[in-house]
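Examining the three-dimensional arrangement
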Amino acid sequence: YMQYINEQISVEEAYKAYLRIRENYRNTPSFFLDIAEFFEKKNRIDIALRISTNLIEIELDNHELIIALGYKLEQYKKYDLAIYVYKSVLELRPEHPQSYRDLALAYKANGDLDEAADLLLKIVNGDLLEKDEEEMYYGIEQIAYVELCHLAHSSKEKRFKDLRKTYKAIQTDFRVVVDWNHGETDLDLYIKDPADEIVYYGHNTSKHGGRLSEDMTEGYGPESFSIKKAQKGDYKISVDYFSDRVQKITGPAS
């Protein structure tokens, strides 16, 4: 179907072509994300948004697909819609700490700081990890801790006074986080610094203080890299799709 769309002579003709074939691919959820990305690259975010949100009606019970949609909505800065779909994910998968974190970060981006703090606290306090007997999410509480600290200090409002006392500001020059939407999938974060030293799961700290979080091999991430005092120069960020255990009808990982 992408070949057919790419053959069209204009964006308008491509959209008409999408409408002609849409019914044929209603049972291929990744179709809508692929087509949305086409229009996104053409700088027609309005059309990309219209197409991608069709997934809300078609596959609302597929949490992995809805997570991918949430990522897209955040990319388009449609945080209110992202909150809506992440709430659906939380209802479908309340046992996954990532469901709480995704919703918390969308709340934060939307300015709903109280809601974001409540959800991050659930992860940081370990309330959700007690059920994680297989340790699929081991290390996510450390990443959520950094995000809770940032939230507490991103607002000077009085209601966050106690949070600021407990969760001190963490200063870093930069931080990189990778999440993905498929369970039983292993994505690996690689950071190459200006000295050509590579930090990854087999070498998780650098001579200059860069540090990688726990290697998540079964859940949905996240993995993060941070450095307090970065070197001058270019850092190269890469993600390696290491493996997955289940063939997904929803398409490749987002």
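Computed from a prediction, not measured in an experiment: that's the story for all the values here. (Residues numbered from 1 in each chain as written. Predicted model: local features only at pLDDT ≥ 70, side-chain atom pairs only at ≥ 80, totals over all residues. Heavy atoms only, no water.)

Some remarks on the overall build of the protein
To be explicit about the condition: Each helix is a run of DSSP H or I of at least 4 residues and each strand a run of E of at least 2, with the numbering of both proceeding from the N terminus. For every residue, the accessible area obtained with a 1.4 Å probe (protein chains only) is divided by the maximum for its type, and the residue is called buried under 20%, exposed over 50%, and partly exposed between those limits. Whether two residues are in contact is decided by their heavy atoms: any pair within 4.5 Å suffices. Shrake-Rupley sampling with a 1.4 Å probe provides the accessible areas, and residues are treated as covered by the protein chains on show and by no other component.
From N to C terminus, the protein includes eleven helices and six strands. Counting all 254 residues of the protein, 46% fall into the buried class. Considering only residue pairs separated by 6 or more positions, the protein has 61% of its internal contacts joining residues 24 or more positions apart. Accessible area for the protein stands at about 13,700 Å²; split by element, carbon and sulfur atoms hold 46% of it.

Looking at the packing of aromatic side chains
So the rule is basically this: Ring pairs are drawn from Phe, Tyr and Trp, using the six-membered ring of Trp, whenever the two centres fall within 6.5 Å, and their geometry is named by plane angle: stacked under 30 degrees, edge-to-face over 60, tilted for the rest.
Enumeration over the complete set of coordinates arrives at 13 aromatic pairs. With 4.9 Å between their ring centres and 70° between their planes, Tyr1 and Tyr25 make a pair best called edge-to-face. Linking Tyr1 in the segment before α1 (2-6) with Tyr25 in the loop between α2 (11-21) and α3 (30-41), this pair joins segments that are 24 residues apart in sequence. In this structure Tyr1 comes out as partly exposed when scored by relative accessible area, which is 27%.

Focus: the nonpolar core
This is how it is decided: The nonpolar core is taken to be a set of buried Ala, Val, Leu, Ile, Met, Phe, Trp, Tyr and Cys residues, with the residues joined through side-chain atoms within 4.5 Å.
Ile5, Tyr18, Ile35, Phe39, Ile51 and Leu103 are the most contacted members of the largest nonpolar core, which has 55 residues in total. In this structure, Ile5 is in contact with Ala14, Ala17, Tyr18, Ile21, Ile35 and Phe38, ignoring residues within four places of it in sequence. Counting residues in each nonpolar core, the second largest holds eleven residues, with Trp180, Val199, Phe225 and Tyr235 among its members.

Focus: the sheet that holds strand β1 (residues 174-178)
Using the following cut-off: Whether two strands pair comes down to DSSP finding at least two bridges between them.
With respect to topology, three strands assemble into an open sheet ordered β1-β5-β4, the strand pairing being antiparallel. Among the strands making up the open sheet, the edge pair consists of β1 and β4 (211-212). Judged from the two bridges that link them, β4 and strand β5 (residues 223-227) form a sheet pairing that is antiparallel. In the sheet register, Leu212 faces β5, and the bridge partner there is Phe225.

Regarding a positive patch on the surface
Our working definition: Like charges are joined within 9 Å and nonpolar side chains (Val, Leu, Ile, Met, Phe, Trp, Tyr) within 5 Å, but only among residues with over 30% relative accessible area and no salt bridge; these make up the patches. Salt-bridge detection follows one rule: a side-chain nitrogen of Lys or Arg within 4 Å of a carboxyl oxygen of Asp or Glu. As used throughout, the charge tally considers Lys and Arg to be positive and Asp and Glu to be negative, leaving His and the chain termini uncounted. In plain terms, the charge of a residue is placed at NZ if it is Lys, CZ if Arg, CG if Asp and CD if Glu.
Taken together, the side chains of Lys158, Lys161, Lys165 and Lys168 define a basic patch exposed on the protein surface. Among the structural elements, Lys161 can be located in helix α11 (residues 161-166).

With respect to the environment of Arg101
Structurally, Arg101 is set in helix α8 (residues 97-109). Under the relative-accessibility criterion, Arg101 is labelled buried at 1%. Separated by 40 residues in the primary sequence, Arg101 and Glu141 have C-alpha atoms spaced 9.8 Å apart. Each residue touching Arg101, except ones within four places of it in the same chain, is listed here: Ile123, Ile140, Ile143, Glu147, Val177, Asp179 and Pro222.

Some words on the confidence of the model for the protein
We count it as follows: Confidence of the prediction at every residue is given by pLDDT, a number between 0 and 100.
Per-residue pLDDT for the protein has a mean of 85; in total, 88% of the residues score no lower than 70. Confidence, read as mean pLDDT per element, is least for helix α5 (residues 54-58) in the protein (73) and greatest for α2 (95).

Section: the pattern of salt bridges
Applying the stated rule across the entire model yields eleven salt bridges. Close ionic contact of Glu23 with Arg26 constitutes a salt bridge, the shortest N to O distance being 3.5 Å. By relative accessible area, which is 53% here, Glu23 ends up exposed. Where Glu40 meets Lys72, a salt bridge forms, and the shortest distance between an N and an O atom there is 2.8 Å. Pair noted here: Glu40 is in helix α3 and Lys72 is in helix α6 (residues 63-75), with a separation of 32 residues, a long-range link.

Focus on the packing of α6 against helix α7 (residues 79-92)
Rule in force here: Between the N-to-C directions of two axes lies an angle of 0 to 180 degrees, each axis being a line fitted to C-alpha atoms and, for a helix, fitted only over the stretch in contact. Each angle receives one of four descriptions, namely roughly parallel if under 35 degrees, roughly antiparallel if over 145, roughly perpendicular if within 65 to 115, and oblique otherwise. Left-handed describes a crossing whose near helix is turned anticlockwise from the far helix through less than a right angle; right-handed describes the clockwise counterpart. Residues were grouped as follows: Ala, Val, Leu, Ile, Met, Phe, Trp, Tyr, Cys and Pro as nonpolar; Asp, Glu, Lys and Arg as charged; and all remaining residues, including Gly, as polar.
Running from N to C, α6 and α7 cross one another at 160°; their axes reach a closest spacing of 9 Å. It follows that α6 is roughly antiparallel to α7 by the angle criterion. As α6 packs across α7, the resulting crossing turns out to be left-handed. In contact with His63, Ile66, Ile67, Leu69, Gly70, Tyr71, Leu73 and Glu74 of α6, α7 contributes Tyr79, Leu81, Ala82, Val85, Tyr86, Val89 and Leu92. When grouped by side-chain class, the residues that make up the contact of α6 with α7 number twelve nonpolar, two polar and one charged.

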